[in-house]
Amino acid sequence: SALEALPRVTGTGGDVHLSNDLGRILNVADKLAQKGGDTYISSELVLLALLESKTPAGQLLQSSRVTPAALKTGMLADVTLARLVGKAIRQYGWSPLVVDPVMVATSGDRLLQREAEESMRRAMLPLATVVTPNLAETEVLVGRKVASLDEMRAAAEEIVAGGARAVVVKGGHAITKATDVFYDGSRMELLQSEVVATSNTHGTGCTFAAAICAYLA
């Protein structure tokens, strides 16, 4: 598994210090999660390694004396990683959780294994306080084309019915006015804005999800 491929983390003294093995963990995470021309460093892998380790940092996490005020997940590239992250979140009762289902590149290329896409639906969505898919990712989650506003609304309802407490279906990839659909099981809202003409769009989805996570914290 991805976790088994990681080197063991070692600690020093009674403080929360990590040895240089953390750098090796990041290198392994880099290789495991590299897709196409972009490189994604998976913080989930580092967290899971700490949870399995005997370091002071790992023991502090395991004791639940330190718990995150809010969490955000990004690309969970393979089925093992998706299941492990879901298991850890359930085991430690961490919440609120923002799930940014990074599954489709701007080029349209699928970033996840098919089995990982299914694990995203089954293992992560039921744990999510809010899910933030773009149109292409929404199509993967519901298994059909999503382009019109009515299709976005229907997809939002289906994602919440699948276990998520709320969803923001992002319409920023539309050519005309950008319209996001927010739905929490009882309230449907349209969040509209003019499309910003820029090529600097890399990382905007991650930033959006991170901002929500910071607000929830």
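What counts and what doesn't
- Residues numbered from 1 in each chain as written.
- Predicted model: local features only at pLDDT ≥ 70, side-chain atom pairs only at ≥ 80, totals over all residues.
- Heavy atoms only, no water.
- Helix = DSSP H or I, 4+ residues; strand = E, 2+ residues; numbered from the N terminus.
- Buried < 20%, exposed > 50% of the residue type's maximum accessible area, 1.4 Å probe, protein only.
- Contact = heavy atoms within 4.5 Å.
- Salt bridge = Lys/Arg side-chain N within 4 Å of Asp/Glu carboxyl O.
- Core = buried A, V, L, I, M, F, W, Y, C linked by side-chain atoms within 4.5 Å.
- Pairing = 2+ DSSP bridges.
- pLDDT = per-residue confidence, 0-100.

What follows covers the environment of Val140. Considering the arrangement of structural elements, one finds Val140 in helix α6 (residues 135-142). For Val140, a relative accessible area of 7% puts it in the buried group. Measuring from C-alpha to C-alpha, the distance between Val140 and Pro101 comes to 9.8 Å, with 39 residues separating the pair along the chain.

It is worth spelling out the environment of Gly171 at this point. Assignment of secondary structure puts Gly171 in the loop between β4 (167-169) and β5 (178-183). Those residues within four positions of Gly171 in sequence are excluded, and the remaining contacts are Leu135, Met152, Ala178, Thr179 and Asp180.

By the definition in use, this model includes 7 salt bridges. A salt bridge links Arg121 to Glu118; its shortest N-O distance comes to 2.7 Å. Taken together, the residues Arg121 and Glu118, both in helix α5 (residues 114-124) and 3 residues apart, mark about one turn of the helix. Here Glu139 ties to Lys145 by a salt bridge, and the two come within 3.6 Å at their closest N and O atoms.

Take the nonpolar core next. Within the largest apolar cluster, 38 residues are counted, with the highest numbers of intra-cluster contacts made by Val99, Met124, Val131, Ile159 and Val167. Going through the elements one at a time, α4 (79-92), β2 (97-99), α5, α6, α7 (149-161), β4 and β5 are the ones with two or more residues in this core. Contacts of Met124, omitting those with residues within four sequence positions, involve Thr73, Leu76, Ala82, Val85, Gly86, Ile89, Leu97, Val99 and Ser119. Of all hydrophobic cores here, the second largest spans 9 residues; its members include Ala70, Val98, Val130 and Val168.

Next up on the list: the pairing of β5. The buried fraction of β5 is high, at 6 of 6 residues. Along β5, one buried face is formed by Ala178, Asp180 and Phe182 and the opposite face, lined by Thr179, Val181 and Tyr183, is buried too. Pairing of β4 with β5, which is carried by 3 bridges, proceeds in the antiparallel orientation. When the bridges of β5 are listed, Val167 appears paired with Tyr183. For β5 and strand β6 (residues 188-193), the ladder comprises 6 bridges, and the chain directions are antiparallel. Bridged to Val181 within β6 is Leu190. Between β5 and β6, which pair antiparallel in sequence order, lie 4 residues; one of them, Gly185, sits at a positive phi of approximately 100°.

Turning next to the confidence of the model for the protein. With 67% of its residues at a pLDDT of 70 or more, the protein shows a mean pLDDT of 75. Here residues 1-26 scores under 50 on pLDDT; set against residues more than four positions off or in separate chains, the count is 50 contacts.

Turning our attention to the environment of Val195. Looking at the element boundaries, Val195 is found in the loop between β6 and α8 (204-216). Under the relative-accessibility criterion, Val195 is labelled partly exposed at 39%. Note: C-alpha distance between Val195 and Thr179 (16 residues apart in sequence) is 9.2 Å.

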